[in-house]
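One letter stands for each residue in the lines below.
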Amino acid sequence: MATRTKFGRSSRKIKKEAELDITSFMNLMIVLVPVLLMMMVFSRITVLELALPQLSEASQSEIPEKEQRLELIVRANSIAVYYPQGYLVENIAVTENGYDYAALQLVLRRIKQTLINKNIDKKAATLLLEENTPYQVIVALMDTTRSYQDVLIASVVDAELFPEISLGDAPIVVNDADSTDAAGGLK
């Protein structure tokens, strides 16, 4: 006789559940994530707040000393430091290496120390720039004017000079030698 096959429940084969082997995927992620992180460009955006120079209708002698402004007139051949406006403190010539930021910072430190000795807390400075002043020079001047590095109790800190910076146009120099002095101001 022919054998009869059973088609019921008992004749089905029991299937094993498939195992997920994610070992190779995890190995890929362990290698890929650090590589992608190393290749990522970290950008840092620094924002500097600038103020517009204030227009003053009063004469320089009527302005109290606390409200007088520090001005830096930046030209292609020099940086002139004025405090208060119109009174030349120092004219720093450009060296063969470019602008002398270290000398400028020393002048600004002397002015700041003089103001501190008079109990005046001045934080504002105005950079008056010629039309074709390079961007890197402007940034370096702003950094030099804002702060300087000083040693305090065996650690280097940034000491504040004049962090509130305004930008403006430098006065136009008249080429007539009779009407201007060495700093570019009127006689």
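Our structure's up above, just so we're on the same page.
Residues numbered from 1 in each chain as written. Predicted model: local features only at pLDDT ≥ 70, side-chain atom pairs only at ≥ 80, totals over all residues. Heavy atoms only, no water.

1. Topic: unusual backbone geometry
As a reminder, the rule being used: The helix and strand labels rest on DSSP assignments: H or I over at least four residues marks a helix, E over at least two residues marks a strand, and numbering proceeds from the N terminus.
The phi torsion at N119 lies on the positive side, around 60 degrees, for a residue other than glycine. Relative to the helices and strands, N119 resides in the loop between α2 (101–117) and β5 (124–129).

2. Considering the environment of E71
We count it as follows: Contacts are residue-level and defined by heavy atoms, with any inter-residue pair within 4.5 Å sufficient.
The topology assignment puts E71 in strand β2 (residues 70–74). Taking the C-alpha atoms as reference points, E71 and G86, separated by 15 residues in sequence, lie 8.5 Å from one another. Setting aside its immediate chain neighbours within four residues, E71 contacts A80, V81, Y82, Q85, G86, T126 and L128.

3. Here's the deal with a nonpolar patch on the surface
Here is the rule we go by: Patch members must show over 30% relative accessible area and no salt bridge, and they are joined within 9 Å when carrying like charges or within 5 Å when they are nonpolar side chains of Val, Leu, Ile, Met, Phe, Trp or Tyr. Methods summary: accessible areas were calculated by the Shrake-Rupley approach with a probe of 1.4 Å, and residue burial reflects only the protein chains presented. Whenever a carboxyl oxygen of Asp or Glu lies within 4 Å of a side-chain nitrogen of Lys or Arg, that contact is scored as a salt bridge. Type-normalised accessible area, obtained with a 1.4 Å probe on protein chains alone, sets the label of each residue: buried when under 20%, exposed when over 50%, and partly exposed for intermediate values.
On the surface, L20, I22, F25, M26, L28, I30, V31, L32, V35, L36, M38 and M39 cluster together into a nonpolar patch covering about 1300 Å² of accessible area. Locating M38 in the fold gives a position in helix α1 (residues 23–39). Judged by its relative accessible area of 66%, M38 falls in the exposed class.

4. Concerning the environment of Y82
Inspection of the secondary structure assignment puts Y82 in strand β3 (residues 78–82). In this structure the C-alpha to C-alpha distance between Y82 and L72, which are 10 residues apart in sequence, comes to 6.2 Å.

5. Thoughts on the packing of α2 against helix α3 (residues 135–146)
Stated formally: Axes here mean lines fitted to C-alpha atoms, for a helix over just the part in contact, with angles spanning 0 to 180 degrees between N-to-C directions. Crossing handedness is defined as follows: a turn of the near helix away from the far one that is anticlockwise and smaller than a right angle gives a left-handed crossing, while the clockwise case is right-handed. Residues were grouped as follows: Ala, Val, Leu, Ile, Met, Phe, Trp, Tyr, Cys and Pro as nonpolar; Asp, Glu, Lys and Arg as charged; and all remaining residues, including Gly, as polar.
Between α2 and α3, the least distance of the axes is 9 Å, while the angle of their chain directions is 35 degrees. The crossing of α2 and α3 is right-handed. Residues Y101, L104, Q105 and L108 of α2 touch α3, and the partners they reach there are V137, A140, L141, T144 and T145. Residues that form the contact of α2 with α3 fall into these classes: 6 nonpolar, 3 polar and no charged.

6. Remarks on the pattern of salt bridges
Applying the stated criterion to the full structure yields 4 salt bridges. Between E90 and R110 there is a salt bridge; the shortest N-O distance is 2.9 Å. Here R110 lies in helix α2 and E90 lies in strand β4 (residues 88–93), a separation of 20 residues in the sequence. R110 sits in the partly exposed class, given a relative accessible area of 48%. We note a salt bridge from R146 to D143, for which the minimum N-O separation is 2.9 Å. In this pair, R146 and D143 are both assigned in helix α3, 3 residues apart and thus about one turn of the helix distant. The exposure class assigned to D143 is partly exposed, which follows from its relative accessible area of 37%.

7. Examining the packing of aromatic side chains
The following threshold applies: Put simply, two rings from Phe, Tyr or Trp (the six-membered ring, in Trp's case) pair if the centres are within 6.5 Å, and we call them stacked under 30 degrees between planes, edge-to-face over 60, tilted for the rest. We count a charge as sitting over a ring when the NZ of a lysine or the CZ of an arginine lies within 6 Å of the ring centre and within 35 degrees of the ring normal.
Across all of its chains, the model carries 1 aromatic pair by this definition. Taken together, a centroid distance of 6.3 Å and an interplanar angle of 45 degrees make the contact between Y99 and Y101 tilted. Its relative accessible area of 24% is what places Y101 among the partly exposed residues. Over the ring of F162 we find K112, and its NZ or CZ is 5.2 Å from the ring centre.

8. What to know about the pairing of strand β7 (residues 155–160)
Which entries qualify depends on this criterion: Two strands pair if DSSP finds at least two bridges between them.
Where strand β6 (residues 147–152) and β7 come together, 6 bridges link them in antiparallel fashion. The residue bridging V151 from the neighbouring strand is V156, located in β7. The hairpin turn running from β6 into β7, its antiparallel successor, is 2 residues long, and I153 in that turn takes a positive phi close to 50 degrees.

9. Notes on the side chain of T133
Short version of the rule: Two N or O atoms count as a polar contact when they lie within 3.5 Å, although within protein this holds only if one can serve as hydrogen donor and the other as acceptor, and sequence-adjacent residues are included solely when both atoms are side-chain atoms.
Considering the arrangement of structural elements, one finds T133 in the loop between β5 and α3. On the basis of relative accessibility, which here comes to 15%, the residue T133 falls in the buried class. Within the local environment of T133, its side chain forms a polar contact with the backbone oxygen of E130, the two atoms lying 2.9 Å apart.

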